Amino acid sequence: MRLRTPWRSRMIAVLIVAVAVVTAGPMSGTTRASAAPRAALVSAVDREVRFTADGTTAYGTLHIPAHRVGRRLAAALLLPGSGPTDRNGDEPPGFTPHTLALMAGVLSDDGVMTLRFDKYGTGRTGLGGRSSAPDMAAYTRQAVAAYNTLRAQPEADAHALLVVGHSEGGLQALLVDRAVQPKPAGLALIAPQDMRLLDLIRLQLATELNKAVAAGQLTAQQAWLNNRGVARAIADFRARRPVDTSGLLPSLDSLLKGMFGPVNADFVRSDDAIYPPSVARGIAHGTRTLITCGTEDTNVPCRTMPSLVSALTAARTTGPGLQVLAGLDHLLHPVGTPVNDPAIAPAAQQSLHDFVRPWRQATQG
């Protein structure tokens, strides 16, 4: 989960024809073909799509992998993380890891079509006439409209609709599941937001303050005072009291003012009101689920996952379940990899392959 600050912050087609098998009758010299030609393959293609939610047009990319003519494909909606993160998983120009675009490529290898879109405040979609961030419900309505757009595509199998969300998109995937019919057959929650937003923010900031102490940049007393100040500011915001950030480190003061200020306050309050495990308990029985956490992820650490995993277990979901990705960070990179390195580690790719295995078998061949 990356912190949201005002709107800047961040196949070649192959034609295959079956070979006719020639057989001879025991008393005849005539021959006949025993196999009909197999359907041709359609080339992979990207299509630009648009859809409307709350009167605002959103724009996205529909990727259709190579497939046989007439074949219906498993179809996955890809949802990005927090902040102004676009259809590719980027916040250009400075933050361009291409996380969602890379996921689309991994899923395409398994014959799964995907839709990813520019949410409010990003790419071609823009703010939709707003001057501040929409609340969480508006983002959910937009994602639901995207899901329905994907379901309506002629190549999509309505019985194999999937939602794949990264970071905050993992929580959004749960909210989409709650709002749509038919329900998704599977949910992949990739390093998902698994706590109330401000609890997770507080945890992230405490981790950074502890790192500063270990590096000799702060004293333990300074870190304690700043942790206490962050906790107080969060409590005041939740209670709708005036928020006082005086005395905090300048970076924390600026961050909290941005989060609690007029641009982002409605969104933050609406997201913070949601406890992800409570939403997860309502997922339909039998839904195939994947949850990942990276052991080097400081945004959503593995130690915070048990409540979400327990809730999905209580809902009697199936599938790979929790996959711990050793040595990977929040962007599915091996720790130490440059942020903008356009790659997903093999272990993360394998987790996606495992998730879509039932539909890969159904859509290829």
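If you're wondering where the values come from, they're calculated on a predicted model, not measured in any experiment.

Caption draft 1: Examining unusual backbone geometry more closely. For the bond running from proline 92 to proline 93, omega is 10 degrees, close enough to zero to count as cis. Here proline 93 shows up in the loop between β7 (73–79) and α1 (99–109). Between glutamine 181 and proline 182 the backbone carries a cis peptide bond, its omega angle lying at -5 degrees. With phi around 60 degrees, arginine 240 is a residue other than glycine that occupies positive phi space. Relative to the assigned elements, arginine 240 resides in the loop between α5 (220–238) and α6 (250–260).

Caption draft 2: Structural detail: the state of the cysteines. With the rule as written, the count across this model stands at one disulfide. Here cysteine 293 engages in a disulfide with cysteine 302; their sulfurs sit 2.2 Å apart. The chirality of the disulfide connecting cysteine 293 with cysteine 302 is right-handed, given an S-S dihedral of about 105 degrees. We classify cysteine 293 as buried; its relative accessible area is 1%.

Caption draft 3: Structural detail: the pattern of salt bridges. Counted according to the given criterion, the structure contains 13 salt bridges. Measuring nitrogen to oxygen at the nearest pair gives 3.3 Å for the salt bridge that ties arginine 360 to aspartate 110. Taken together, the residues span a long stretch of sequence, with arginine 360 in helix α11 (residues 357–363) and aspartate 110 in the loop between α1 and β8 (113–117) at a distance of 250 residues. Residues participating in the shared-partner salt-bridge network are Glu48, Arg87, Asp118 and Arg124.

Caption draft 4: Just the sheet that holds strand β9 (residues 156–166), in detail. Taken in spatial order, the eight strands line up as β4-β5-β8-β7-β9-β10-β11-β12 in an open sheet, and their pairing is mixed. A single partner strand is all that each edge strand has here, and the edge strands are β4 (45–53) and β12 (318–325). Each strand axis lies, on average, 20 degrees off the axis of its neighbour in the sheet, ignoring direction. The sheet contact formed by strand β10 (residues 186–190) and strand β11 (residues 288–294) spans five bridges and is parallel. Each bridged residue has a counterpart across the sheet, and for alanine 188 the counterpart in β11 is leucine 290. Across the sheet, α1 lies against β5 (56–64), β7, β8, β9 and β10, angled at about 165 degrees from β7, the strand it touches most. Of the strands in this sheet, β10, β11 and β12 touch helix α9 (residues 306–314), which is tilted by about 170 degrees from β11.

Rules of the game
- Residues numbered from 1 in each chain as written.
- Predicted model: local features only at pLDDT ≥ 70, side-chain atom pairs only at ≥ 80, totals over all residues.
- Heavy atoms only, no water.
- Helix = DSSP H or I, 4+ residues; strand = E, 2+ residues; numbered from the N terminus.
- Disulfide = S-S within 2.5 Å.
- Buried < 20%, exposed > 50% of the residue type's maximum accessible area, 1.4 Å probe, protein only.
- Salt bridge = Lys/Arg side-chain N within 4 Å of Asp/Glu carboxyl O.
- Pairing = 2+ DSSP bridges.
- Axes fitted to C-alpha atoms, helices over the stretch in contact; angles between N-to-C directions.
- Contact = heavy atoms within 4.5 Å.

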